[in-house]
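Inside the fold
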Amino acid sequence: AGTVIINDGTDFKPLGITSGAWATVPSGSKIVGILTKSILTSDPRASILTMGQINAAVMPAPVTSAIKTALPQINFINE
């Protein structure tokens, strides 16, 4: 949960984390939302939040300005 989700035009994938920071979004992909719950790799059905509030303090890595820009309908709060 709390992982940034990207789409390459075909597949939805989690954005990786490198050295405690979100990886760069690959060319041809775009940020589409935030994973709402932890899921099993054996059953990868998931909900992706595109509008609402996220407690950024508990996300796996700090929220960047690129993430905030890509997801303008999400309010990132720090509690």
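Remember, predicted model here, so these are calculated numbers, not experimental data.

Before going further, it helps to spend a moment on the overall build of the chain. For the chain, the helix and strand inventory stands at one helix and eight strands. In summary, the chain has a C-alpha radius of gyration of 12 Å against a globular reference of 12 Å for 79 residues, a match within 12%. With the C-alpha coordinates aligned to their principal axes, the bounding extent of the chain is approximately 30 × 25 × 25 Å. Out of the 79 residues in the chain, the part that is buried amounts to 28%. When the accessible surface of the chain is totalled, it reaches about 5200 Å², and 53% of it is carbon and sulfur. The centroid of the 5 positive side-chain charges in the chain is displaced by 3 Å from the centroid of its 4 negative side-chain charges.

Within this structure, the stated rule accounts for two salt bridges. Close ionic contact of lysine 13 with aspartate 8 constitutes a salt bridge, the shortest N to O distance being 3.2 Å. Among the ionic pairs, aspartate 43 bridges to arginine 45, the shortest N-O distance being 2.9 Å.

When you line up the elements, glycine 9 lands in the loop between strand 1 (4–7) and strand 2 (12–14). On the accessibility criterion, glycine 9 (66% relative accessible area) is exposed. In the structure, glycine 9 is positioned eleven residues away from glycine 20 in sequence and 27 Å away in space, judged by C-alpha atoms.

With that settled, consider the sheet that holds strand 6 (residues 48–49). Strand order in this open sheet of four strands is 2-1-5-6, and the pairing throughout is antiparallel. Either end of the sheet is taken by a strand with one partner, and the two such strands are strand 2 and strand 6. Bridge count between strand 1 and strand 2: three bridges; the pairing is antiparallel. Counted as the bridge partner of asparagine 7 is phenylalanine 12 from strand 2.

Cut-off values and rules
- Residues numbered from 1 in each chain as written.
- Predicted model: local features only at pLDDT ≥ 70, side-chain atom pairs only at ≥ 80, totals over all residues.
- Heavy atoms only, no water.
- Helix = DSSP H or I, 4+ residues; strand = E, 2+ residues; numbered from the N terminus.
- Rg over C-alpha atoms; globule rule 2.2 N^0.38 Å.
- Buried < 20%, exposed > 50% of the residue type's maximum accessible area, 1.4 Å probe, protein only.
- Areas by Shrake-Rupley, 256 points an atom, 1.4 Å probe, with all protein chains shown as cover.
- Lys, Arg positive; Asp, Glu negative; His and termini not counted.
- Charge placed at Lys NZ, Arg CZ, Asp CG, Glu CD.
- Salt bridge = Lys/Arg side-chain N within 4 Å of Asp/Glu carboxyl O.
- Pairing = 2+ DSSP bridges.

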